[in-house]
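Residue-level listing of the chains:
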Amino acid sequence: MGSNIFTAKVGDTLRLVAGPIMDNNGRLVPDGTPVTFKLKLRVDQFELPLGDKGTVDGFAETTFVLERAGDFTRWH
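Here the residue index of a chain counts from 1 through its sequence in written order. Thresholds applied to this predicted model are a pLDDT of at least 70 for local features of residues and 80 or more for the giving and counting of side-chain atom pairs; totals over whole chains, interfaces and linings are not thresholded and use all residues. Heavy atoms from the whole structure form the basis of all side-chain values; hydrogens and water molecules are not counted.

> Would you mind going over the overall build of the chain in detail, with residue names and values included?
For the chain, the helix and strand inventory stands at 0 helices and 6 strands. Secondary structure elements follow DSSP: runs of H or I no shorter than four residues count as helices, runs of E no shorter than two count as strands, and numbering proceeds from the N terminus. Mapped in sequence order, the helices and strands of the chain form the string β-β-β-β-β-β. Think of it in three bands: residues with accessible area under 20% of the maximum for their type are buried, residues over 50% are exposed, and the middle band is partly exposed, with areas taken using a 1.4 Å probe on protein chains only. Buried positions account for 25% of the 76 residues belonging to the chain. Note on contacts: a residue pair qualifies if any of its non-hydrogen atoms lie within 4.5 Å across the two residues. In the chain, the proportion of contacts linking residues at least 24 apart, taken out of those at least 6 apart, comes to 62%.

> Could you give an account of the environment of Met-22, with specific residues and numbers?
Its place among the elements puts Met-22 in the loop between β2 (13-18) and β3 (34-41). Note: C-alpha distance between Met-22 and Phe-59 (37 residues apart in sequence) is 9.5 Å.

> Requested: an account of the pattern of salt bridges, with residues and values cited.
Salt bridge, as used here: a side-chain nitrogen of Lys or Arg that lies within 4 Å of a carboxyl oxygen of Asp or Glu. Tallied over the entire structure, the rule returns 2 salt bridges. In this structure, Asp-12 and Lys-9 form a salt bridge, with 3.1 Å as the shortest nitrogen-oxygen distance. Glu-61 is the partner of Arg-15 in a salt bridge, and the nearest nitrogen-oxygen pair spans 3.3 Å. Of this pair, Arg-15 sits in strand β2 while Glu-61 is found in strand β5 (residues 60-65), placing the two residues 46 residues apart along the sequence.

> Tell me what's going on with unusual backbone geometry, and back it up with residues and numbers.
Backbone torsion omega between Gly-19 and Pro-20 reads 0°, so that peptide bond is classified as cis. By the element assignment, Pro-20 lies in the loop between β2 and β3. Notably, Asp-57 is not glycine yet its phi reads approximately 55°, a positive angle. Inspection of the secondary structure puts Asp-57 in the loop between β4 (47-54) and β5.

What is shown is where atoms sit, not what they do.
Below, the structure is given as structure tokens:
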């Protein structure tokens, strides 16, 4: 398993993917299940909400252009 910490600079386009996301019965969640994406700066606990996206085949993804540089932590 890799590190959950990454460094990014202003203007970088980041692509985040969550999945596969399973339900309590071990099956992929239905298409359209909402997933909330967030990034958090390690240093000052700044949290950047990225919005909700629906799943497709158990995965959700979003992209965005970074407006604040720093070391971020992926979390779910």
